[in-house]
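Listed below, chain by chain, are the residues.
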Amino acid sequence: LTDKPAGAGFCAISDGRAVLHALEIAPDFRRAGLGRLMTAAAAQWAAGEGARSIGALCVDANAAAVALYGSLGFTPVARYHYRTAPPAA
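Here goes a summary of the coordinates provided. (Residues numbered from 1 in each chain as written. Predicted model: local features only at pLDDT ≥ 70, side-chain atom pairs only at ≥ 80, totals over all residues. Heavy atoms only, no water.)

Attention now goes to the overall build of the chain. Broken down by element type, the chain carries 2 helices and 3 strands. Reading the helices (α) and strands (β) of the chain from amino to carboxyl end gives β-β-α-β-α. With respect to the principal axes defined by its C-alpha atoms, the chain has extents near 50 × 35 × 25 Å. Burial status across the chain gives 19% buried among its 89 residues. (Helix = DSSP H or I, 4+ residues; strand = E, 2+ residues; numbered from the N terminus. Buried < 20%, exposed > 50% of the residue type's maximum accessible area, 1.4 Å probe, protein only.)

Taken as a whole and judged by the stated rule, the model has 2 aromatic pairs. Pairing Tyr69 with Phe74 gives two aromatic rings, centres 5.4 Å apart and planes at 50°, and the pair type is tilted. With a relative accessible area of 6%, Tyr69 lands in the buried category. Overall, Phe74 belongs to the partly exposed group, its relative accessible area being 23%. Judged by centre distance (5.7 Å) and plane angle (75°), the ring pair of Tyr80 and Tyr82 falls under edge-to-face. Judged by relative accessible area, Tyr82 falls into the exposed class, the value being 65%. (Phe/Tyr/Trp six-rings, centres within 6.5 Å; stacked < 30°, edge-to-face > 60°.)

Counting 12 residues, the largest nonpolar core consists of Cys11, Ala18, Leu20, Leu23, Ile25, Phe29, Ala42, Ala46, Ala51, Ala65, Leu68 and Tyr69. Counting residues per element, the ones that place at least two in this core are strand 2 (17-25), helix 1 (34-48) and helix 2 (63-71). With residues up to four places along the chain from it excluded, the contact list for Ala51 reads Ile13, Gly16, Ala18 and Ala46. (Core = buried A, V, L, I, M, F, W, Y, C linked by side-chain atoms within 4.5 Å. Contact = heavy atoms within 4.5 Å.)

Looking at helix 2, one finds that the buried residues are Ala65, Leu68 and Tyr69. Projected down its long axis, helix 2 shows its buried positions confined to an angular sector of 90°, all on one face. One or two residues past the end of helix 2 sits Gly73, with phi positive at roughly 95°. (Arc of directions from axis to C-beta.)

Right, let's get into the pairing of strand 1 (residues 7-14). Bridge analysis of strand 1 against strand 2 gives 7 bridges, and the strand direction is antiparallel. The residue bridging Ala8 from the neighbouring strand is Glu24, located in strand 2. What sits between strand 1 and strand 2 in their antiparallel hairpin is a turn of 2 residues, with Asp15 showing a positive phi close to 50°. (Pairing = 2+ DSSP bridges.)

Pairing is mixed in the open sheet, where 3 strands are placed in the order 1-2-3. The open sheet is flanked by strand 1 and strand 3 (53-56), the only strands paired with a single partner. Across the sheet, the axes of successive neighbouring strands diverge by a mean angle of 25°, strand direction being ignored. With 4 bridges joining them, strand 2 and strand 3 adopt parallel strand pairing. Each residue of the ladder has a partner; that of Leu20, found in strand 3, is Ala56. Across the sheet, helix 1 lies against strand 1, strand 2 and strand 3, angled at about 155° from strand 2, the strand it touches most. (Axes fitted to C-alpha atoms, helices over the stretch in contact; angles between N-to-C directions.)

See below:
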């Protein structure tokens, strides 16, 4: 164990539905089960706050997140991608 930060995430609830996004595990701590633990902690928190369901956001290109959420039984229901503005002239 270490006293260094290992990860962070954000979970919000609206109309009884929790959404977990911006889950990030520090590189030195990846593949140690922390994503699974943090997702479970978010779900427990959300249930305690009255959420009836939980979803998670990640882009298709994030293979690690797609694999994590798939292993936890999450299934894709929609897709999204990032957009950037063109460089200023």
